[in-house]
Amino acid sequence: MVRNTTLVVAAAAIALSGAALAQNVLVNGDFESNPPASFGNNIGHPIAPWVAGADQSPNVVKVDGPGGFNYGNNGPESDASAPGAGIAQHYLDIANGSNEFYQSFTPQCSGEVQFGGWFSTRADSPGTAQVTLREGVGLGGTIVGQTNNVSLPGGNSRTIPGRL
């Protein structure tokens, strides 16, 4: 059984068999299934079926694109899909530090699995991120796929998202 462990703002794991592309196997990969009502930070908002590690609290941030709610430099004004101004969207932030988040899944076919995530900085500070695919349950399973660490420089957190 293949499981996913990830540091994410938004992530996708897609199972491939030959040239046929399968659907995303993650549930609520964009944090839109149980959205918070308030714009900006929503620290402690439920992220199920994602599971957070023991470090800092998850924060589901609600934004509405460029020119909407003023989130300052604390994070992107759009999620990774950037659907445009005036459209509510959500992404996962780690409140005041670092943490690991994961979601278990079982691919519906055999073959190659493609995975990745979108990341950005917060408060114009630098940060690092990585997505890891593990076999087993939780954060301690055998690594079967891993992206390189990505280091994001400090800068304009409001308008410049990063990606793995």
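Visitor: Which parts of the structure should I look at to understand the nonpolar core?
Guide: Taken as a class, soluble globular proteins show a tendency for nonpolar side chains to be buried jointly. With 11 residues, the main nonpolar core is built from Val25, Leu26, Phe31, Ile47, Trp50, Val60, Leu92, Ile94, Phe101, Phe105 and Leu133. Judged by nonpolar contacts, the second largest core, of 5 residues, contains Phe119, Ala129, Val131 and Leu152.

Visitor: When you look at the packing of aromatic side chains in this model, what are you seeing that I'm missing?
Guide: The geometry of an aromatic ring pair comes down to the distance between the two centres and the angle between the two planes. Across all of its chains, the model carries 2 aromatic pairs by this definition. With a centroid separation of 5.7 Å and 20° between ring planes, the pair formed by phenylalanine 39 and phenylalanine 69 is classed as stacked. A residue pair is termed long-range when its members are at least 10 positions apart, and phenylalanine 39 in the loop between strand E3 (20-24) and strand E4 (51-52) and phenylalanine 69 in the loop between strand E5 (58-63) and strand E6 (89-94) qualify at 30 residues. On the accessibility criterion, phenylalanine 69 (39% relative accessible area) is partly exposed. If you follow lysine 62 out to its NZ or CZ, it ends over the ring of phenylalanine 39, 4.7 Å from the centre.

Visitor: What's the story with the confidence of the model for the protein chain in this structure? I'm lost.
Guide: Note: predicted coordinates in regions of low pLDDT should not be interpreted at a detailed level. Mean pLDDT over the protein chain: 79, with 84% of residues reaching 70 or higher. With pLDDT under 50 throughout, residues 1-19 is counted as low confidence; its partners more than four residues away or in other chains account for 109 contacts.

Visitor: Explanation requested: the pattern of salt bridges in the structure shown.
Guide: Two side chains bearing opposite charge may form a pair once their charged atoms approach each other closely. Using the criterion set out here, one finds 2 salt bridges in the structure. With a shortest N-O distance of 3.0 Å, glutamate 77 and arginine 158 are connected by a salt bridge. Linking glutamate 77 in the loop between E5 and E6 with arginine 158 in the loop between strand E12 (150-152) and strand E13 (162-163), this pair joins segments that are 81 residues apart in sequence. With relative accessibility at 37%, the residue arginine 158 sits in the partly exposed group. Taking the shortest distance from any N to any O, the salt bridge between arginine 122 and aspartate 93 comes out at 3.2 Å. With arginine 122 in the loop between strand E8 (113-119) and strand E9 (127-129) and aspartate 93 in strand E6, this pair connects stretches of sequence that are 29 residues apart. Owing to a relative accessible area of 26%, arginine 122 belongs among the partly exposed residues under this scheme.

Visitor: Even after reading the chapter, I still don't get the environment of valine 51, so can you show me in this structure?
Guide: Tracing the backbone shows valine 51 in strand E4. Residues valine 51 and tyrosine 102, spaced 51 residues apart in sequence, show a C-alpha to C-alpha distance of 5.4 Å. In this structure valine 51 touches Glu100, Phe101 and Tyr102, once residues within four positions along its chain are discounted.

Rules used in this analysis
Residues numbered from 1 in each chain as written. Predicted model: local features only at pLDDT ≥ 70, side-chain atom pairs only at ≥ 80, totals over all residues. Heavy atoms only, no water. Core = buried A, V, L, I, M, F, W, Y, C linked by side-chain atoms within 4.5 Å. Buried < 20%, exposed > 50% of the residue type's maximum accessible area, 1.4 Å probe, protein only. Phe/Tyr/Trp six-rings, centres within 6.5 Å; stacked < 30°, edge-to-face > 60°. Helix = DSSP H or I, 4+ residues; strand = E, 2+ residues; numbered from the N terminus. Lys NZ or Arg CZ within 6 Å of the ring centre and 35° of its normal. pLDDT = per-residue confidence, 0-100. Contact = heavy atoms within 4.5 Å. Salt bridge = Lys/Arg side-chain N within 4 Å of Asp/Glu carboxyl O.

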